[in-house]
Amino acid sequence: MNWDDTTDTPGPERLAGSAEERLVGSVADREDQAVEAALRPKDLGEFIGQEKVREQLDLVLRAARARGATADHVLLSGAPGLGKTTLSMIIAAEMEAPIRITSGPAIQHAGDLAAILSSLQEGEVLFLDEIHRMSRPAEEMLYMAMEDFRVDVIVGKGPGATAIPLELPPFTLVGATTRAGLLPPPLRDRFGFTAHMEFYEPAELERVIHRSANLLDVEIAADGAAEIAGRSRGTPRIANRLLRRVRDYAQVKADGIITKDIASAALAVYEVDTRGLDRLDRAVLEALLKLFGGGPVGLSTLAVAVGEERETVEEVAEPFLVREGLLARTPRGRVATPAAWAHLGLTPPGSAAGSGQQDLFGA
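Structural notes on the sheet that holds strand S1 (residues 74-77)
Move 1: Within the open sheet, the five strands sit side by side as S2-S3-S6-S1-S7. Their pairing is parallel. Among the strands making up the open sheet, the edge pair consists of strand S2 (99-103) and strand S7 (193-196). Adjacent strand axes in the sheet meet at a mean angle of 15°, parallel and antiparallel pairs treated alike.
Move 2: Of the strands in this sheet, S1 and S7 touch helix H3 (residues 51-67), which is tilted by about 165° from S7.

Here's what the structure looks like:
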């Protein structure tokens, strides 16, 4: 099974309230991290999904081992929970090298980065999560470290300051980001291999669920795994979390075996519907459809109607609704699609029936 670790540093991906409490949230909590540590695949052969990325990365690592050199720097981008941290650990394992894990928000000064780099061993893998949130001075120091394996340590202040060059042993930097567009081109260009992690297909998630169930000693039927996979938003971390909650339900309410009916009943208790929408997602859609006739409506108005912060609606609920084709962002505001009306079993009013929206003045 493939997931990412997270840091405890707040950021756009870690919003308060609904964002961190959601069963279908893609950010790992402490329980997730503890379980994931035991379930992570150890090599590329065990890693499920991301076929192109695995094939390309395998070539990079095999070639580096054949040359007896450190692997090229690797940049992994994609949504949380798709396996970026897992791949970084696999890279270290395949290269038979130790791994050092840190995050961009934890490096606030160039000195923080210099201290980490100067303590690396030859061939070591440095995993830098949320690399797009690293401070600018540290980022500029990283340029030279990646390219020349050298950093300049500034000693003193003002006119008397001097730069002392510090040679670094060859190492492999693995950067992970959920927002590749925020990386400056000079940094992005210094990675020898870049890969974008895609969302998983239901069939791939079924394999993930079966593997996890086996490791957790949970008996699960094929239709039960398919039911959980269909509600997991294409994300292994969410599939794993739903599996644990369904396991709890099966142990308490049934004989411990997860079937389709048991999975459906369990996820109904946790308010995760057949498309993976939870309470927050449905509240946004219901407000948009029932209060505003399908839109268009402004984000702030929609957030007030839902009783959530504007950032929570925009950063937590909307991305999945847009990806599922249930909601559209337009210059005039948020608009529900015909699929949203159908999913909630509602009939579009008049002019909204064909386009999913109304004229601002009801004409």
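A look at helix H8 (residues 202-215)
Move 1: The terminal C-alpha atoms of H8 lie 20 Å apart, and with 14 residues this matches the ideal 20 Å at 1.5 Å per residue to within 8%.
Move 2: Among the residues of H8, those classed as buried are Glu204, Leu205, Val208, Ile209, Arg211, Ser212 and Ala213.

A word on the environment of Trp341
Move 1: The topology assignment puts Trp341 in helix H15 (residues 338-343).
Move 2: Between the C-alpha atom of Trp341 and that of Leu285, which follows or precedes it by 56 residues, the distance is 8.7 Å.

Some points on the pairing of strand S9 (residues 333-336)
Move 1: Inspection of the sheet shows strand S8 (residues 327-330) paired to S9 by four bridges, in the antiparallel sense. What sits directly across from Leu327, in S9, is Ala336.
Move 2: Between S8 and the antiparallel strand that follows it, S9, lie two residues.

Quick word on unusual backbone geometry
Move 1: Although it is not a glycine, Gln50 adopts a positive phi angle of roughly 55°.
Move 2: Along the chain, Gln50 falls in the loop between helix H2 (30-39) and H3.

Focus: the pattern of salt bridges
Move 1: Throughout the structure, instances matching the rule amount to 17 salt bridges.
Move 2: Across the salt bridge formed by Arg233 and Asp281, the nearest N and O atoms sit 2.2 Å from each other. Taken as a pair, Arg233 in the loop between helix H9 (222-230) and helix H10 (236-253) and Asp281 in helix H12 (residues 279-291) lie far apart in primary sequence, 48 residues in all. Neither residue differs from the other here; Arg233 and Asp281 are each classed as buried.
Move 3: We note a salt bridge from Arg275 to Glu324, for which the minimum N-O separation is 3.2 Å. Residue Arg275 is located in the loop between helix H11 (260-269) and H12, and its partner Glu324 is located in the loop between helix H14 (310-323) and S8; the two are separated by 49 residues in the primary sequence.
Move 4: Overall, Glu324 belongs to the partly exposed group, its relative accessible area being 25%.

Concerning the nonpolar core
Move 1: Within the largest apolar cluster, 49 residues are counted, with the highest numbers of intra-cluster contacts made by Leu57, Leu87, Ile209, Ile220, Ile228 and Ile258.
Move 2: With seven residues, H10 is the largest single contributor of residues to this core.
Move 3: Ignoring sequence-local partners within four residues, the contact set of Leu57 consists of Leu44, Val74, Leu87, Ile91 and Phe193.
Move 4: Ranked by size, the runner-up nonpolar core spans 24 residues in total, among them Leu117, Leu120, Leu168 and Phe171.

Section: the side chain of Asp278
Move 1: Tracing the sequence through the fold places Asp278 in the loop between H11 and H12.
Move 2: With sequence-adjacent residues up to four places away left out, Asp278 is seen in contact with Arg22, Val24, Arg233 and Glu271.

A short note on the pairing of S7
Move 1: Of the two faces of S7, only the one carrying Phe193 and Ala195 is buried; Thr194 and His196 on the other face are not.
Move 2: Of the strand pairs in this sheet, S1 and S7 are connected by four bridges, and their pairing is parallel. Residue pairing for S7: Ser77 is matched across the bridge by His196.

Description of the environment of Asp112
Move 1: If you trace the backbone, Asp112 turns up in helix H5 (residues 110-118).
Move 2: For Asp112, a relative accessible area of 28% translates into the label partly exposed.
Move 3: With 26 residues separating them in the primary sequence, Asp112 and Ala138 have C-alpha atoms 7.8 Å apart.
Move 4: The contacts of Asp112, once residues within four sequence positions are left out, are Ala106 and Ile107.
Move 5: Among the polar contacts listed, one links the side chain of Asp112 to the backbone nitrogen of Gln108, at a separation of 3.3 Å.

Let's talk about the side chain of Thr337
Move 1: Following the sequence through the fold, Thr337 ends up in the loop between S9 and H15.
Move 2: If sequence neighbours within four positions are ignored, Thr337 has contacts with Gly325, Leu326, Leu327 and Ala328.

Quick look at the packing of aromatic side chains
Move 1: Per the counting criterion, the structure on display carries one aromatic pair.
Move 2: Plain terms: the ring middles of Phe149 and Phe171 are 5.5 Å apart, the flat faces sit at 80° to each other, and that makes the pair edge-to-face. Remark: Phe171 occurs in the loop between strand S5 (162-167) and strand S6 (172-177) and Phe149 occurs in the loop between helix H6 (136-148) and strand S4 (150-155); sequence separation between them is 22 residues.
Move 3: The ring of Phe320 is capped by Arg233, whose NZ or CZ atom sits 3.9 Å from the centre of that ring.
Move 4: In this structure, Arg323 is placed above the aromatic ring of Phe199, and the distance from its NZ or CZ to the ring centre is 3.6 Å.

Rules of the game
Residues numbered from 1 in each chain as written. Predicted model: local features only at pLDDT ≥ 70, side-chain atom pairs only at ≥ 80, totals over all residues. Heavy atoms only, no water. Pairing = 2+ DSSP bridges. Helix = DSSP H or I, 4+ residues; strand = E, 2+ residues; numbered from the N terminus. Axes fitted to C-alpha atoms, helices over the stretch in contact; angles between N-to-C directions. Contact = heavy atoms within 4.5 Å. Expected span 1.5 Å × (residues − 1). Buried < 20%, exposed > 50% of the residue type's maximum accessible area, 1.4 Å probe, protein only. Salt bridge = Lys/Arg side-chain N within 4 Å of Asp/Glu carboxyl O. Core = buried A, V, L, I, M, F, W, Y, C linked by side-chain atoms within 4.5 Å. Polar contact = N/O pair within 3.5 Å; in protein donor to acceptor, adjacent residues only side chain to side chain. Phe/Tyr/Trp six-rings, centres within 6.5 Å; stacked < 30°, edge-to-face > 60°. Lys NZ or Arg CZ within 6 Å of the ring centre and 35° of its normal.

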